[in-house]
Every structure is written in C-alpha cells, then in structure tokens.
Amino acid sequence: MAACKGRRRTCETREPMEAESRHTSSEGPAQVYLPGRGPPLREGEELVMDEEAYVLYHRAQTGAPCLSFDIVRDHLGDSRTELPLTLYLCAGTQAESAQSNRLMILRMHNLHGTKPPPSDSSDEEEEEDEEDEEEQKPQLELAMVPHYGGINRVRVSWLGEEPVAGVWSEKGQVEVFALRRLLQVVEDPQALAAFLRDEQAQTKPIFSFAGHMGEGFALDWSPRVPGRLLTGDCQKNIHLWTPRDGGSWHVDQRPFMGHTRSVEDLQWSPTEDTVFASCSADASIRIWDIRAVPSKACMLTTATAHDGDVNVISWSRREPFLLSGGDDGALKIWDLRQFKSGSPVATFKQHVAPVTSVEWHPQDSGVFAASGADNQITQWDLAVEQDPEAGDTEADPGLADLPQQLLFVHQGETELKELHWHPQCPGLLVSTALSGFTIFRTISV
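An unreviewed UniProt entry annotates the protein as Glutamate-rich WD repeat-containing protein 1 originating from Callithrix jacchus. Per UniProt, the protein carries the Function (unreviewed entry) text "Histone binding-protein that regulates chromatin dynamics and minichromosome maintenance (MCM) loading at replication origins, possibly by promoting chromatin openness."

Moving on, we get to the overall build of the protein. A tally of helices and strands in the protein yields 4 helices and 33 strands. Buried positions account for 53% of the 445 residues belonging to the protein. By sequence separation, contacts in the protein at least 24 residues apart represent 59% of the contacts at least 6 residues apart. For the protein, the exposed surface amounts to about 19700 Å²; the carbon and sulfur share of it is 47%.

One pass over the structure, following the stated rule, counts 15 salt bridges. Here D74 makes a salt bridge to R80, at a shortest N to O gap of 2.7 Å. One salt bridge connects E199 with R181, and the closest N-O pair in it is separated by 2.9 Å. Within this pair, whereas E199 is found in the loop between α3 (189–198) and β14 (207–209), its partner R181 is found in helix α2 (residues 180–185), the two being separated by 18 residues in sequence. Given the relative accessible area of 30%, E199 is considered partly exposed. A relative accessible area of 35% means that R181 is categorised as partly exposed. Among the ionic contacts, a cluster of salt bridges with common partners joins R107, E141 and E187.

Bringing the packing of aromatic side chains into the picture now. If you walk through the whole model with that rule in mind, you get 19 aromatic pairs. Ring geometry for F207 and W249: centres 5.6 Å apart, planes at 55°, overall tilted. With a gap of 42 residues between them, F207 in strand β14 and W249 in strand β18 (residues 248–251) connect regions that are remote in the sequence. Considering the side-chain rings of W221 and W249, the 6.2 Å spacing of their centres and the 55° angle between planes classify their relative orientation as tilted. Placement of W221 in strand β15 (residues 216–221) and of W249 in strand β18 is noted, with a sequence separation of 28 residues between them. The class of W221 is buried, set by a relative accessible area of 6%. Residue W249 is classed as buried on the basis of its relative accessible area, which comes to 4%. Here the aromatic residues F207, F209, W221, W241 and W249 are joined through ring pairs into a cluster of three or more.

Moving on to the pairing of strand β29 (residues 377–381). With respect to burial, β29 is a largely interior element, 5 of its 5 residues being buried. Both faces of β29 are covered, namely the face carrying I377, Q379 and D381 and the face carrying T378 and W380. Bridging between strand β28 (residues 367–372) and β29 involves 5 bridges; their strand directions are antiparallel. Following the sheet pairing, A369 is matched in β29 by Q379.

On to the sheet that holds strand β11 (residues 151–159), then. Pairing is antiparallel across the open sheet formed by 4 strands, whose spatial order is β11-β12-β13-β14. Two strands bound the open sheet, and with one partner strand each, they are β11 and β14. Going from strand to strand, the sheet's axes swing by 20° on average, the running direction of each strand aside. Bridging between strand β13 (residues 174–178) and β14 involves 3 bridges; their strand directions are antiparallel. Note that in β14 the partner of V176 across the bridge is F207.

We now examine the nonpolar core. In this structure, V72, C90, L103, I105, A165, L179 and L182 are the most contacted members of the largest nonpolar core, which totals 20 residues. Beyond its immediate sequence surroundings of up to four residues, A165 is in contact with C90, V154, R155, V156, E175, V176, F177, L179 and W221. Listed in part, the 18 residues of the second largest apolar core include A60, L87, L89 and V430.

So, about the environment of E96. Mapping E96 onto the fold places it in the loop between β8 (85–93) and β9 (102–111). A relative accessible area of 89% means that E96 is categorised as exposed. Counting along the chain gives 31 residues from E96 to P65, while the straight-line C-alpha distance between them is 9.8 Å.

This part is about the sheet that holds β9. Strand order in the open sheet formed by 4 strands is β7-β8-β9-β10, with antiparallel pairing between adjacent strands. Of all the strands in the sheet, the pair left with one neighbour each is β7 (66–71) and β10 (139–146). Neighbour-to-neighbour, the strand axes of the sheet open up by a mean angle of 25°, direction not taken into account. Pairing between β9 and β10: 8 bridges, direction antiparallel. The residue bridging M108 from the neighbouring strand is L140, located in β10.

About the thresholds
Residues numbered from 1 in each chain as written. Predicted model: local features only at pLDDT ≥ 70, side-chain atom pairs only at ≥ 80, totals over all residues. Heavy atoms only, no water. UniProt positions renumbered as here; feature names shortened; annotations may be inferred. Helix = DSSP H or I, 4+ residues; strand = E, 2+ residues; numbered from the N terminus. Buried < 20%, exposed > 50% of the residue type's maximum accessible area, 1.4 Å probe, protein only. Contact = heavy atoms within 4.5 Å. Areas by Shrake-Rupley, 256 points an atom, 1.4 Å probe, with all protein chains shown as cover. Salt bridge = Lys/Arg side-chain N within 4 Å of Asp/Glu carboxyl O. Phe/Tyr/Trp six-rings, centres within 6.5 Å; stacked < 30°, edge-to-face > 60°. Pairing = 2+ DSSP bridges. Axes fitted to C-alpha atoms, helices over the stretch in contact; angles between N-to-C directions. Core = buried A, V, L, I, M, F, W, Y, C linked by side-chain atoms within 4.5 Å.

This is the structure in structure tokens:
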C-alpha cells in the first residue's frame, strides 16, 4: 500500500467481496492488483477484499438494474457520521421489457460499519457476536411506481417542501414525479403494503414533455432557482424549463444550439443563476448564459476537450473548477477563469475504459470521485503530495508510477454506471451498476 500525506491509498474490490490484493491457491504472498497495470489475473488467482480499507461497506439489489439514481436530501441532519446510517435514494430501472420498469424510492437503514478482524474468542462471546450480527443486518424498503420505458437518468430536487424527480425516459419523454407519498410510505410497512395494493398503479407524473423528438440522458436541476431545469437529448438539443405556479413548467421550444452531436451531460453553475455547462459526443464542453436568446447563448467553447465523446461533467460548488470524463478514460480539471485557453489545468489517466460518472465531494473542495467502464471507482485529492518519508512504494514498485493524487481504487462491480457522494454523510459514496448498488466509505476520504 502506498501512503499519501498520511492517508492510506489502497486498491479495493470484491468477488462478491474481493479486495485489491491477489491471492493464489498456493498461499503465496498477497499482491496489490490494479487493472491495466501489471499482469492480468491468472488461473487460480482471485481478488480478496481488504475490509480494513473501508469504514462502511454494503450492497443492495433491486431486481432490474438501475442505470441512474440520485440521493434524496433528508431531515436527519447534516454532517452525520454516527453509525448506523439511514439514507434515501430515488432510482429508475432498465428492465428487459418496457412495461416492467419502475421508478422507486429506496430507504436503506441500519447501515453499520465494517466488522473488526476476527479474534480467538469463547463460545459465549461467539453467541454474542451472532446476536450482534443479526441486530446489525442492513435493511432495505422499496416504494415503487410503474414507468413505461427504461429510465436513462434520474435527478431529484426540492421545490420548497416538495421533493420531485426529473426522469429521462428511453421513450423520448422527460417527466416530473412527486416523491412525497413514496417517501412517506417507505417509513411504515403497513402504509407501504396499502400503497402498493391501492395506489401504486395510479401514480402518474405531475408533468411531462415530449418535445425532444428522441431520447436523451442530460438533465440537471438548478441549485439556485427552485424548479428551473435543463434537459439535453441525443439529437444535440438543450431545452430550458421554467417553473410556473400550480406545479407546472413552461418549456422553451427554442433549443440551445451549438453542439453537433448528442448532449451527454449538463451542469448548472453553483454561483450564477443563469449560467450552465454542457458536454457532448462532439468532444466539446460549452458554457452558456440563458439571458441570451438560445441561438446565441453559447459564451465559451473548448472544441476538443477530450479525444472523443465527453460523457460527464461536474461543477465544483467550492472552486471555479469543472471536472470532465470522456471515452478516452481521461479525467480533466478545467479552471473556468482560464477556460478560453482550451487547456485543462490537470489531466489524470487511471481509467482504462470510458469514464461513466464524475462528482466533486460536496464538502472537501479538492476531492472528487469517478467511475469507469473498466469497473473501477477512483477517489482523488488534488491537495495530496507524495510523502517523501513513505517507504511503501519501495516495497511495491508497481505503485510508484500512480498519480500522487489518487487516494483509492475500488473494484468488483460489473458495468458501473453512476456514483454520487451523500451530501449529508461526509465521505459516503453510493454507486449503481449492473451488479446492483454499493454504499461505502473508505479510510481515505
């Protein structure tokens, strides 16, 4: 393991629970494993999870896989670290048939930390451990409503006291669903049973827009103007939604024009009401201002931000930085004060396949996470510098060429799609993949 500025940098995965060390059946020494660096796993080798690298680690399945989800802010308090944790997710499925899809609220609770390593103990202590294990089992409740068509993306916002979800459907519609009832019934088993029996089938979106003329993925609620929404499609168009009284929206039929291929992601500025960023399969990143007419609203462009599609972007809420990830596997940091230069201030290349999700840490300004089609989740810290007194790289020279800012590599998922930091539980990451949801906090963040 390599140490960075006093933090442990480790690699991590599971098989259902593997880690970043490889073990052979001949009981040879464990070695750190990183995809794309060093030889691949050989016959008889398996990945074994280093549980000491995690403060908390849980997995959950929902039947059909979810391509996208969002974390629902709750009233349980901010900056909470005391275990066990409770959290709420809103997710949408990608089922095999259109009519089998669901929009759902997940309530995950009784999430305890990882167990200490086993020790020699008496029979009485073993019985106590078994009782504790039963009491500490994680719990999951699901409140679901039917949705015709696979759900490409889900983003949640609060309109005053009303939680809503914006949903991009593979059928080409963008819908808004009210979430209050789902969040109520997921707290009470009897209310949940009654809802699933009597109300589930009748739940419909409170608003729908079919003007995109095709499906899309890009969607973002304004963090500064409640109800203001942007949606972008695979036909290169971006539409602005403005909230109206009575729970409806005016969607400007004039799209923001500039991209030449699919709009992949959108991010509102966290500091300016009218400014947003977009990225596209045309390899560009653009900055827009909605005060201009849509045909002239593009203010800044980096035409070749990546070597190929730019899949995802994240706008830092604490620094003037934009983070991007592309099909080239690169992660790039853009200083918006120097955006006209067309050059990122930093580029990191740890992923060996397209980047599928990126997000800045909500509290720690230099920390971000990324996921890739190589089934890696990476955690980074721009403030980290190599500790000259750390001797781990001498013990494992295979780690010597890793970027200094790389804190942690998590593996073991299948077809990773999206990740989010929990805004109220520092350091807690949630990801979705074909293999299900993973909820974890590492020792590094």
